[in-house]
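# Commentary on secondary and tertiary structure
These are the residues of each chain, in order.
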Amino acid sequence: MDLPPQFSSTLNPNPHPSPNVFLDPTSDSIPNLIQNPNSTTLSHYLSFSVPKKRRRGRSQRNPASFRLPLTLPTDSPSSSSSRAPASDEIIVINKEPKTEALIALSAGFPADSLTEEEIDAAVLPVIGGIEQVNYTLIRNHIIAKWRENVSNWVSKKTFLDYIPQHYHALLDSAYNYLVSHGYINFGVASTIKEKIPSESSKPSVIVVGAGLAGLAAARQLMRFGFKVTVLEGRKRAGGRVYTKKMEGGNRLCAAADLGGSVLTGTLGNPLGIVGRQLGELLHKVRDKCPLYCVDGRPVDPDTDVKVESAFNRMLDKASRLRQLMGEVSVDVSLGAALETFQQVFKDSVSDEELSLFNWHLANLEYANAGLLSNLSLAFWDQDDPYDMGGDHCFLPGGNGKLVQALAENVPILYEKTVHTIRYSGDGVQVIAGNQVFEGDMALCTVPLGVLKKGSIKFIPELPQRKLDGIKRLGFGLLNKVAMLFPHVFWEMDLDTFGHLSDDPSRRGEFFLFYSYATVAGGPLLIALVAGEAAHKFESMPPTDAVTRVLQILKGIYEPKGINVPEPIQTVCTRWGSDPFCFGSYSNVAVGASGDDYDILAESVGDGRLFFAGEATTRRYPATMHGAFLSGLREAANMAHHANIRTLKVKVDKAPSNAHSCASVLADLFREPDIEFGSFSIIFAHKNTDPKSPAILRVTFASVTF
């Protein structure tokens, strides 16, 4: 769903803002942080900063710092008169390995080591040493090479001409891993779509849900050669990503993102890459966000800075408190900690300062789609270290463009509400209405809210470990009021502005407005409803909601002499009442931890039933790109399990191979090259290398090994 940008409510870092701030779709916008890209020492480190999540609204906090050990030679191996042994030589691919390390980092890879997933996939026989350094350099280079032009399919042949032959095993390992796990060569470019075979050669797969996770997995599985069927309960694809076309008189129209709308961080964001493949220019959400008091007056700039600084210090205090509390903090809410600190200063602040402080609390509840009283003090921000860098952006025309492109030519059956999933060692049955769909495997991508409601019956029941994880994780709510006006009456140099409330229980009610006039195709405003107000909004009559929003807008603009017209069309969301999601996005509730995201991602039924979605990704929960990446992840897992079963079947069908091999060996050892005592040896005679292979037979008490 939506994640707010990093707000600077009174200070605009760009003194001359452009009304249309678009980013180049042909570039990942990696900053040039490299002063000396050709360092030769093992001890040289590259240090740079990755900002804390902007959706946390903590612009005053210090960024997290990462130090990357990089071992980088300066000279090409081909220019050296004496080559070191392959096992001791560090490969040189180009002159910018550190820049490539930054690009790999944006894709989720450490600069000079392996991820846990790579280790599990056995990309290297031995972890560590020069071989690992060379593997990571090759891996980083492949990622960077593809990012240069994401509309092209990068083949392994691209690298054969300049990667020495004795490194081709590492090239094979890195390339195969990146392709199979969806880190390169994914998306909707024509060269990638051409790789989808016309006929499936692998078992059938059923994907439950046509949201971003389901669509990403379906496309990837189709390219792998699986027969895919997607079952979607709605009449449309996209799930919680929904762009509605709003229309009015005088040919006015606008694209309103009623669900997920902000691409949070463009560096490495796979949806940003899909946007680039579509040739779209992303619109940077500008930092300037003026706030207005209850009566419509602009918030005093000095007061704004003072309260925001106090708010950030309070979050710092909460972080230190949880460190002091240790494991006890797991059972304490973030809200309880902040309330304790707030009480200390409550008597010394003005009403305006208190309302402003509550606005920041509402923004925090927006970021997490949850009440602060329900968020875990210990782990509410556990995903911060994995935040993707770069700007927060809108996709002009709405994210429905991404959904439409990803759904193209994917076999989706709409209005198929799944109510039962059976799984066993033989396969799966997915039941929607009175229809039964059978497959070799199934992928369940329904939102956490649906799992919490028990809308789908699993036979057999899911393991208790997974049921407990579903229960522990939180699933919050965010609602919106989208309004199409006859003309723009607000400032065109703004993408956001906020409004304060004097009632703490209503602090999240229309607290933030998004201006979509520059990207929606028409004069569109969207008001957000977060926290406790989002739940009350579910039962608020739409006419009352629109009346309240107009009161706020008139209070802000009419004192400036600006008339606020009646909207031509309005839409109010009810995500909490939607039977296909029952909420907006996940959070770490009291008693939960990041481990629960991993638990939800675990497959069951011996590799027959898999799970994807934003609530299954520990690193990127509550984001559109997190859902997308989880689909690519599970496509790789499903292909892996299918390959294991295929190999097992081949072994089971060929039990006579061992007997045949034994007969051949018995014939060979009738005349061994060397025989002494219980030992017999046969050399590879045609190879004069003293290190050539040999076969040794040892016999103990009539038993040969």
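Summarised in this report is the structure supplied together with it. (Residues numbered from 1 in each chain as written. Predicted model: local features only at pLDDT ≥ 70, side-chain atom pairs only at ≥ 80, totals over all residues. Heavy atoms only, no water.)

## Quick word on the overall build of the protein chain
- Looking only at helices and strands, the protein chain features 19 helices and 29 strands.
- Looking at the protein chain as a whole, 53% of its 705 residues qualify as buried.
- Surface accessibility of the protein chain: about 30,700 Å² in total, with carbon and sulfur atoms responsible for 52%. (Helix = DSSP H or I, 4+ residues; strand = E, 2+ residues; numbered from the N terminus. Buried < 20%, exposed > 50% of the residue type's maximum accessible area, 1.4 Å probe, protein only. Areas by Shrake-Rupley, 256 points an atom, 1.4 Å probe, with all protein chains shown as cover.)

## Details of the pattern of salt bridges
- Within this structure, the stated rule accounts for 26 salt bridges.
- Residue R322 pairs with D381 through a salt bridge whose shortest N-O separation is 3.0 Å. Here R322, found in helix 9 (residues 301-325), pairs with D381, found in the loop between helix 11 (351-368) and strand 11 (392-394); they are 59 residues apart in sequence, far enough to count as distant. Pair check on accessibility: R322 and D381 agree, each one buried.
- Among the ionic pairs, R472 bridges to D596, the shortest N-O distance being 2.6 Å. (Salt bridge = Lys/Arg side-chain N within 4 Å of Asp/Glu carboxyl O.)

## Describing the packing of aromatic side chains
- Evaluated as defined, the whole model comprises 20 aromatic pairs.
- Relative to W490, the ring of F485 lies with its centre 6.0 Å away and its plane at 70°, an arrangement referred to as edge-to-face.
- Judged by its relative accessible area of 0%, F485 falls in the buried class.
- Note on W490: relative accessible area 5%, which makes it buried.
- Three or more aromatic residues joined by ring pairs form one cluster here, namely Y292, F485, F489, W490, F497, F513 and Y557.
- For the cation-ring pair, K453 lies above F582, with the distance from its terminal atom to the ring centre recorded as 5.1 Å.
- Note that R574 overlies the ring of F537, its terminal NZ or CZ placed 4.7 Å from the centroid. (Phe/Tyr/Trp six-rings, centres within 6.5 Å; stacked < 30°, edge-to-face > 60°. Lys NZ or Arg CZ within 6 Å of the ring centre and 35° of its normal.)

## Side note on the sheet that holds strand 12 (residues 412-413)
- Sheet architecture is open: five strands sit in the order 12-5-4-16-25, paired in parallel fashion. The sheet terminates laterally at strand 12 and strand 25 (609-611), the two strands that pair on one side only.
- In the sheet, strand 16 (residues 441-444) pairs with strand 25 via three bridges, with the strands oriented parallel. Looking at the pairing, A442 lines up with L609 of strand 25.
- On the sheet, helix 7 (residues 212-224) packs against strand 4 (202-208), strand 5 (226-231), strand 12 and strand 16 and is oriented at approximately 160° with respect to strand 5. (Pairing = 2+ DSSP bridges. Contact = heavy atoms within 4.5 Å. Axes fitted to C-alpha atoms, helices over the stretch in contact; angles between N-to-C directions.)

## Here's the deal with the sheet that holds strand 13 (residues 418-424)
- Here four strands make up an open sheet; going across it, the order is 15-14-13-17 and the pairing mixed. Because the sheet does not close on itself, it has two edges, and the strands there are strand 15 (435-439) and strand 17 (457-459). The average angle at which neighbouring strand axes cross in this sheet is 15°, direction not considered.

## Some points on the environment of I681
- Counting through the fold element by element, I681 comes out in strand 27 (residues 679-683).
- Residues I681 and R697 lie 16 residues apart in sequence; the distance between their C-alpha atoms is 6.3 Å.

## Some thoughts on the nonpolar core
- Judged by nonpolar contacts, the single largest core of 78 residues is most densely connected at I138, I142 and F226.
- The leading source of residues in this core is helix 7, at nine residues.
- Looking at this core, you find at least three residues from each of domain 1 (97-185) and domain 2 (199-244 + 395-474 + 582-645). (Core = buried A, V, L, I, M, F, W, Y, C linked by side-chain atoms within 4.5 Å. Domains from an automatic or database assignment.)

## Notes on the pairing of strand 5
- Looking at chain direction, strand 4 and strand 5 are connected through six bridges and run parallel. For V208, the partnering residue across the bridge sits in strand 5 and is L231.
- In this fold, strand 4 hands off to helix 7, which returns the chain to strand 5; that crossover is right-handed.
- With two bridges connecting them, strand 5 and strand 12 associate as parallel partners. (Right-handed = clockwise from strand over helix to strand, strands pointing away.)

## Here we look at the packing of helix 3 (residues 129-148) against helix 8 (residues 270-277)
- The N-to-C vectors of helix 3 and helix 8 enclose an angle of 40°; their axes lie 11 Å apart at closest approach. Between helix 3 and helix 8, the contacting residues are W146, R147 and E148 on the first element and I273, R276 and Q277 on the second.
- Split by residue class, the contact of helix 3 with helix 8 holds two nonpolar, one polar and three charged. (Nonpolar A, V, L, I, M, F, W, Y, C, P; charged D, E, K, R; others polar.)

## Looking at the pairing of strand 7 (residues 253-257)
- Burial analysis of strand 7 places four of its five residues in the buried class, which makes it a mostly covered element.
- Taken together, the five bridges between strand 6 (residues 243-247) and strand 7 define a ladder with antiparallel strand orientation. Across the sheet, T243 pairs through a bridge with D257, a residue of strand 7.
- Counting the residues in the hairpin turn of strand 6 and strand 7 gives five residues, including N250, whose phi is positive at 55°.

## Describing the side chain of Q277
- Note on placement: Q277 falls in helix 8.
- If we skip the residues at most four places from it in the chain, Q277 touches W146, V150, S151, F186, G187, V188, A189 and I192.

## Considerations on helix 5 (residues 168-180)
- The terminal C-alpha atoms of helix 5 lie 18 Å apart, and with 13 residues this matches the ideal 18 Å at 1.5 Å per residue to within 8%.
- When helix 5 is considered as a whole, its buried residues turn out to be L170, L171, S173, A174, Y175, Y177, L178 and V179.
- Elements that come into contact with the buried residues of helix 5 comprise helix 2 (116-120), helix 3, helix 4 (157-160) and helix 7.
- Phi turns positive one or two residues past the end of helix 5, at G182, with a value near 75°. (Expected span 1.5 Å × (residues − 1).)

## Notes on helix 16 (residues 542-557)
- For helix 16, spanning 16 residues, the distance from its first C-alpha to its last is 23 Å, which sits close to the expected 22 Å at 1.5 Å a residue.
- Turning to helix 16, its buried residues are A545, V546, V549, L550, I552, L553, I556 and Y557. Buried residues of helix 16, seen end-on, are gathered within an arc of 160° and therefore sit on one face of the element. (Arc of directions from axis to C-beta.)

The quantities given are spatial measurements derived from coordinates; they are silent on function.
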